[in-house]
Amino acid sequence: MDIRIVRFDHPDAVKLNDEVQAEYAERYGDEGDITPLDPEMFVSPRGLYLLAYDERDRPIATGGWRSQDAASEEGYADGDAEIKRMFVVREARGRGLSRIILARLEEDARAAGRKRMVLETGTEQPEAIALYRSAGYVLVPDAEKFGLYRASDNSRCFVKPL
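Rules used in this analysis
Residues numbered from 1 in each chain as written. Predicted model: local features only at pLDDT ≥ 70, side-chain atom pairs only at ≥ 80, totals over all residues. Heavy atoms only, no water. Helix = DSSP H or I, 4+ residues; strand = E, 2+ residues; numbered from the N terminus. Rg over C-alpha atoms; globule rule 2.2 N^0.38 Å. Buried < 20%, exposed > 50% of the residue type's maximum accessible area, 1.4 Å probe, protein only. Contact = heavy atoms within 4.5 Å.

Caption draft 1: Representation of the overall build of the chain within the structure. The helix and strand inventory of the chain stands at 3 helices and 7 strands. What you see in the chain, going N to C, is helices and strands ordered as β-α-β-β-β-α-β-α-β-β. What you see for the chain is a C-alpha radius of gyration of 15 Å, in line with the 15 Å of a compact globule of 162 residues. Taken along its principal axes, the extent of the C-alpha atoms in the chain is 45 × 35 × 30 Å. Out of the 162 residues in the chain, the part that is buried amounts to 47%.

Caption draft 2: Layout of unusual backbone geometry. Ser44 connects to Pro45 through a cis peptide bond whose omega is 5°. Tracing the chain through its elements places Pro45 in the loop between α1 (11-28) and β2 (47-53). At Asp57, a position not held by glycine, the phi torsion is positive, near 65°. Along the polypeptide, Asp57 turns up in the loop between β2 and β3 (59-68). In this structure, Arg85 is a non-glycine residue whose phi angle is positive, near 55°. Assessed through its relative accessible area of 4%, Arg85 is described here as buried.

Caption draft 3: Layout of the side chain of Gln21. As for its position among the elements, Gln21 is in helix α1. Look past the residues within four positions of Gln21 in its chain and what remains in contact with it is Gly32, Asp33 and Arg85.

Caption draft 4: Up close: the environment of Glu107. Relative to the helices and strands, Glu107 resides in helix α2 (residues 97-111). Residue classification places Glu107 among the exposed positions, given a relative accessible area of 52%. A C-alpha to C-alpha distance of 8.4 Å links Glu107 and Leu162, two positions 55 residues apart in sequence.

Read these as geometric descriptors, not functional statements.
Structure follows, in structure tokens:
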């Protein structure tokens, strides 16, 4: 596996983003995640976007982090690094790719001076919830939720100190 730093608007990143959006729509019965994302949000030192490629140079996994601070109206804290678009294509699941990408994202956010990793996922993504819990992420109480979907009953927010 070859992990590369790319821009969020790289053609392969766009391709996998379209795939993850289709999966969100399938799981939740809606249009997918409508959180506004801009490629500049994932540029160092305020973020990072990764793509993993297989031995045939096909993009198979993705993930990124972007800086968040308390000035946001969505409940973040100063020094937060928010995980976005963690995704592994179906045929590549079960190989530990998400765990490798997650570790790289945490390492980079820590080096950038971020204080904690945060993420918002949903009840229809039990694999993601299991991954994050096994990696040391803690579910936050409803009163401390953050992100665009924080008021949704399906939303689950997790944090991990860096």
